[in-house]
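Breakdown of the fold
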Amino acid sequence: MDLDQEFELEPTAPVEMDERVVEIKRVAKVIKGGRRFAFRVTAVVGDHNGRVGIGVGKAIKRVAKVIKGGRRFAFRVTAVVGDHNGRVGIGVGKARAVPDAIRKATERARASMISVPLVGRTIPHDAIGECGGARVLIKPASPGTGVIAGGGVRAVLEAAGVHDVLTKSMGSSSMLNVVKATMEALKQLRSYEELARERGLPETRVMPFWMRGR
């Protein structure tokens, strides 16, 4: 399945990306009381100019709707799209077939992309996002820390281009709510120059501590 994607690094310089889903496999995890089934998706993304990446995700869930005469099953896909340069979006797609659900989710993710202010390889300040019962805390980290996160939080932050960050997921562990809570936290971020103007403080008071001695 081919999906043509466009990610804008700058308003005047769109970069065409090509995404190919190379494998959709049903996997199972043995739990108390039986087995829990999921779907593993392997996708390859490239810009036809020397850059390529591969990702594996399992954010595909089988859902059901009760109708007259029984239940109608479908698949719900949560997709994260980003340019690794400060733009990221999420989308949710539902369909009777997995490829159609993936297509809907990626299209909605591209349409909902937001800009995230970055300070080098990290974020400018702390933020907490909430969605339903999920709460996600993100904190800036010094260079070399890496992305201290897991699951949907890591996927969103890496797609946005954040390389050094500390996070903590609190409350619900629902993949969809955690991803949405992470996006809400990113929407609260502002550059430290903007914060300094609003508070009437010098920029050195609000910038990350490891940059204040420069």
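Scroll up for the structure.
These notes cover the structure that comes with them.

What counts as what
- Residues numbered from 1 in each chain as written.
- Predicted model: local features only at pLDDT ≥ 70, side-chain atom pairs only at ≥ 80, totals over all residues.
- Heavy atoms only, no water.
- Pairing = 2+ DSSP bridges.
- Helix = DSSP H or I, 4+ residues; strand = E, 2+ residues; numbered from the N terminus.
- Buried < 20%, exposed > 50% of the residue type's maximum accessible area, 1.4 Å probe, protein only.
- Expected span 1.5 Å × (residues − 1).
- Arc of directions from axis to C-beta.
- Salt bridge = Lys/Arg side-chain N within 4 Å of Asp/Glu carboxyl O.

Before going further, it helps to spend a moment on the pairing of strand S6 (residues 70-82). Of the strand pairs in this sheet, S6 and strand S7 (residues 87-95) are connected by eight bridges, and their pairing is antiparallel. Bridging across to S7, phenylalanine 75 finds its partner in alanine 95. Connecting the antiparallel pair S6 and S7 is a turn made up of four residues, with histidine 84 showing a positive phi of about 60 degrees.

Take unusual backbone geometry next. Of note in this structure, histidine 84 is not a glycine but carries a positive phi near 60 degrees. Structurally, the position occupied by histidine 84 is in the loop between S6 and S7. On the basis of relative accessible area, histidine 84 is assigned to the partly exposed category, the value being 49%.

We now examine helix H1 (residues 98-111). Between its terminal C-alpha atoms H1 stretches 20 Å, which fits the 20 Å expected from 14 residues at 1.5 Å a residue. Among the residues of H1, those classed as buried are Val98, Ala101, Ile102, Ala105, Thr106 and Ala109. Around the axis of H1, the buried residues are gathered within 125 degrees of arc, so they sit on the same side.

For the structure shown, the criterion picks out six salt bridges. Notably, a salt bridge pairs arginine 103 with glutamate 107, separated by 3.8 Å at the nearest N-O pair. Of this pair, arginine 103 and glutamate 107 both sit in helix H1, separated by four residues, roughly a single helical turn. Judged by its relative accessible area of 30%, arginine 103 falls in the partly exposed class. On the basis of relative accessibility, which here comes to 39%, the residue glutamate 107 falls in the partly exposed class. Close ionic contact of glutamate 130 with arginine 135 constitutes a salt bridge, the shortest N to O distance being 3.1 Å. For arginine 135, a relative accessible area of 32% corresponds to the partly exposed category.

Function-wise, these values are silent; they only describe arrangement.
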